2 protein chains.
Amino acid sequence: MARNSKASSTPAVKAQLVEAQDRFIASWGRMGSVWGISRTMAEVHALLYITGKPMCTDEIMDRLRVSRGNVSMSVRSLLEWAVIEKVRLPGDRKEYFQAEQDVWSMLRAIARERIKREVDPLLDALDEIGELAPQIGSHSPEDVVALQRRLDGVREGFGLITTLTHKFAGPRGAGLQTAAKLLAKAPVGRIGRSTKHLKSRTGARP
Amino acid sequence: MARNSKASSTPAVKAQLVEAQDRFIASWGRMGSVWGISRTMAEVHALLYITGKPMCTDEIMDRLRVSRGNVSMSVRSLLEWAVIEKVRLPGDRKEYFQAEQDVWSMLRAIARERIKREVDPLLDALDEIGELAPQIGSHSPEDVVALQRRLDGVREGFGLITTLTHKFAGPRGAGLQTAAKLLAKAPVGRIGRSTKHLKSRTGARP
DNA sequence: ATAAGATTTCAGAAAAATCTGAAAATACAA
DNA sequence: TTGTATTTTCAGATTTTTCTGAAATCTTAT
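Thresholds applied
- Residues numbered from 1 in each chain as written.
- Chains lettered and ligands numbered in written order.
- Predicted model: local features only at pLDDT ≥ 70, side-chain atom pairs only at ≥ 80, totals over all residues.
- Heavy atoms only, no water.
- Core = buried A, V, L, I, M, F, W, Y, C linked by side-chain atoms within 4.5 Å.
- Buried < 20%, exposed > 50% of the residue type's maximum accessible area, 1.4 Å probe, protein only.
- Helix = DSSP H or I, 4+ residues; strand = E, 2+ residues; numbered from the N terminus.
- Contact = heavy atoms within 4.5 Å.
- Near = heavy atom within 4 Å.
- Polar contact = N/O pair within 3.5 Å; in protein donor to acceptor, adjacent residues only side chain to side chain.
- Nonpolar A, V, L, I, M, F, W, Y, C, P; charged D, E, K, R; others polar.
- Expected span 1.5 Å × (residues − 1).
- Pairing = 2+ DSSP bridges.
- Axes fitted to C-alpha atoms, helices over the stretch in contact; angles between N-to-C directions.
- Phe/Tyr/Trp six-rings, centres within 6.5 Å; stacked < 30°, edge-to-face > 60°.
- 1 Å grid on protein atoms, 1.4 Å probe; cavity = no way out; pocket = protein on both sides within 12 Å on 5 of 7 lines; lining within 4 Å.
- Points joined across faces, edges and corners; volume = space filled by probe spheres on them.
- pLDDT = per-residue confidence, 0-100.

Undergrad: Even after reading the chapter, I still don't get the nonpolar core, so can you show me in this structure?
TA: One recurring pattern in soluble globular proteins: nonpolar side chains tend to sit buried together. Membership of the largest hydrophobic core comes to 60 residues, with the highest contact counts inside it found for A:F24, A:W28 and A:I60. For this core, the leading source of residues is helix α1 (residues 11-35) of chain A, giving nine residues. If we skip the residues at most four places from it in the chain, A:W28 touches A:A42, A:H45, A:A46, A:M106, A:I110, B:L122, B:V154 and B:F158. Counting 51 residues, the second-largest nonpolar core is a separate cluster that includes B:V44, B:L47, B:V71 and B:I110.

Here is the structure:
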């Protein structure tokens, strides 16, 4: 097959590009369901991220083949997650949306939102349950002691996770890269998965 | 209301205990759906964890009011996740199940499984897409460069997460507590959520 | 103000996930 | 082995989630 060396895309290259984008969108969308967000919401995000282009509702509808209402709701959620933002082009009545382009701040937003949805409610429930449960006294039965000990165990674990997430992924956090750097230095033995995905193809951001 | 000071539970204390357990089970089960595992699966795990007692299929069915088939499938998944294990009592034909009691190793198992289900497939897809997409040459159009750059960004971010998870949560990993300790030391500014959940009620594990 | 254009909402339709229950398979004790 | 207790499987029922499409609402240029 012929190599493309021109600075503007040939139709063939363009098609490959779109194909790659579609595949990315599909993968990201598949993951969405694992995260408990709707496939469409994940796909909209993927589309905006991978194209990097601000898009309006109709463009998104056409590209993903989903309804107007679905796009509207997905976009609203993504705005709440703070992983996309609204853009207005002067002289155009439509709203456009574009994705956060920095991967690390995107990951931080995702982490933040997931903690909020998954862990915080659990911690609140644990506090409540701990108070509702029989309290430990000087001669408490073993059952009661064990229950409180287990509740505390979970609370301690998830509490720490929350604290660290706020510390590193919070709006004013140190950043995930900082965390990663700290951890990467740690003296530990062998690792399982290969690290081939770290051989950056283009030399990634600083 | 009267205080209980005996070493064996009065019926009233027992009732409170069961009530607290049920609440814990409900909370944990609710979280299950956020994690993309079935409510029942999470509830079975919660039940086994919070009671600490090995239980057989019938006990689980009765306590959670779910069908035999559902328990069977949930238990199988939990065994795959390696957060519960099979126990056989001599002279009893039934299988009993008990939950991992150490919170940290439970959290590690959860982290491991989630990475496996969420991130690994994405990384594989990204590798594939990166190869399928137009490659960057000396005069590639901007589109192509941008696509590869974005793919690499995601790959780098999730790749790092995977690597760290293996390092700290893997079967031979350094442990989440080690990671937590490293991170807790890091010099960072303010944090959002309160840390009240860290005021351990019983003084948690070493 | 008005009207055209754009967005949101939401009831019901469609799709997906989960659960049940009973039949089939399996494991164990005798 | 044989009989019985136990577990697994899975087709269909149920429940939950997601999506559609059109009416209602909102926005903005004139």
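Undergrad: Can you help me understand the protein's contact with DNA strand D in this one?
TA: Around DNA strand D, a shell composed of 19 residues is seen, among which A:T40, A:S67, B:R76, B:R93 and B:E95 lie nearest. Of what DNA strand D places within 4 Å of the protein, 61% of the atoms are sugar or phosphate. Interatomic distance of 3.2 Å between a side-chain N/O atom of B:S72 and a phosphate oxygen of DNA strand D. For DNA strand D, a base oxygen lies 2.5 Å from a polar atom in the side chain of B:R93. Element by element, the count of residues in the surface near DNA strand D is highest for helix α4 (residues 68-81) of chain B, at five residues. Residues belonging to the surface near DNA strand D are distributed by class as follows: two nonpolar, eight polar and nine charged.

Undergrad: Help me understand helix α2 (residues 39-51) of chain B in this model?
TA: Given 3.6 residues per turn, any residue in an α-helix points the same way as the ones three and four places further on. Residue and element names in this part refer to chain B. Counted at 1.5 Å a residue, the expected span for α2 with its 13 residues is 18 Å, and the 18 Å between its end C-alpha atoms agrees. Across the 13 residues of α2, twelve count as buried, placing the element largely inside the fold. When we look at burial in α2, the residues that qualify are T40, M41, A42, E43, V44, H45, A46, L47, L48, Y49, I50 and T51. Looking one or two residues past α2, G52 carries a phi angle of roughly 70°, positive in sign.

Undergrad: Just checking my understanding: could you explain the protein's contact with DNA strand C for this structure?
TA: Around DNA strand C, 19 residues are found, and the nearest of them are A:R76, A:R93, A:E95, B:T40 and B:S67. Restricting attention to atoms of DNA strand C within 4 Å of the protein, one finds that 58% of them are sugar or phosphate atoms. One nitrogen or oxygen atom from the main chain of A:E95 is found 2.8 Å from a phosphate oxygen belonging to DNA strand C. One of the side-chain N or O atoms of B:R93 is found 2.9 Å from a base oxygen in DNA strand C.

Undergrad: What's the story with the pairing of strand β3 (residues 95-99) of chain B in this structure? I'm lost.
TA: The side chains of a regular strand alternate between both faces of the sheet. Alignment of strand β1 (residues 55-56) of chain B against β3(B), held across two bridges, turns out to be antiparallel. Looking at β3(B), one finds that B:C56 is bridged to B:Y96.

Undergrad: Which parts of the structure should I look at to understand the sheet that holds strand β1 (residues 55-56) of chain A?
TA: Within a sheet, adjacent strands bond to each other through the backbone by hydrogen bonds, running parallel or antiparallel. Residues and elements named next belong to chain A. With antiparallel pairing, three strands are arranged side by side in an open sheet as β1-β3-β2. Two strands in the sheet have a free side with no partner beyond their single neighbour: β1 and β2 (84-88). The sheet contact formed by β2 and strand β3 (residues 95-99) spans five bridges and is antiparallel. Counterpart to I84 in the pairing with β3 is A99. Those strands touched by helix α2 (residues 39-51) are β1, β2 and β3, and its axis lies near 75° from that of β3.

Undergrad: It is not clear to me how the packing of aromatic side chains should be interpreted in this structure. Could you clarify?
TA: Aromatic ring pairs are reported here in terms of the distance separating the ring centres and the angle at which the planes meet. By the definition in use, this model includes eight aromatic pairs over all chains. Taking 5.5 Å as the distance between ring centres and 25° as the angle between the ring planes, the aromatic pair formed by A:F24 and A:W28 counts as stacked. Highlighted residues: A:F24 and A:W28, both in helix α1, separated by four residues, approximately one helical turn. Across the pair, A:W28 and A:F24 agree in class, each one buried. Taken together, the ring pairs connect A:F24, A:W28, A:W35, A:Y49 and B:F158 into an aromatic cluster.

Undergrad: When you look at empty space enclosed by the protein in this model, what are you seeing that I'm missing?
TA: Empty space among the atoms can be located by rolling a probe the size of a water molecule over them. Taken as a whole and assessed by the stated rule, the structure comprises three cavities of 30 Å³ or more. In this structure, the largest cavity encloses a volume near 1400 Å³. Along the walls of the largest cavity sit 42 residues, with A:A111, A:I161, A:T165, B:I161 and B:T165 positioned nearest its centre. Those elements giving two or more residues to the lining of the largest cavity turn out to be α1, α5 (103-132), α6 (142-169) and α7 (176-185) of chain A together with α1 (11-35), α5 (103-132), α6 (142-169) and α7 (176-185) of chain B. Grouping the constituent residues of the lining of the largest cavity by class yields 36 nonpolar, two polar and four charged. Of the pockets and cavities examined, the second largest cavity occupies roughly 60 Å³. If you go around the second largest cavity, the residues you meet are A:W28, A:W35, A:I37, A:M41, A:A42, A:H45, A:L78, A:W81, A:V83 and A:I110. Secondary-structure elements contributing two or more residues to the lining of the second largest cavity are α1, α2 and α4 (68-81) of chain A. With three residues, α2(A) is the single largest residue contributor to the lining of the second largest cavity.

Undergrad: Just checking my understanding: could you explain the confidence of the model for chain A for this structure?
TA: A low pLDDT score tells you not to read the predicted coordinates there in detail. Residue and element names in this part refer to chain A. Mean pLDDT over chain A stands at 85; residues scoring 70 or higher make up 85%. The low-confidence segment residues 1-5 (pLDDT under 50) makes five contacts with residues lying over four places distant or belonging to another chain. Considering only residues more than four positions removed or in separate chains, one finds that residues 189-206, a stretch of pLDDT under 50, has 34 contacts.

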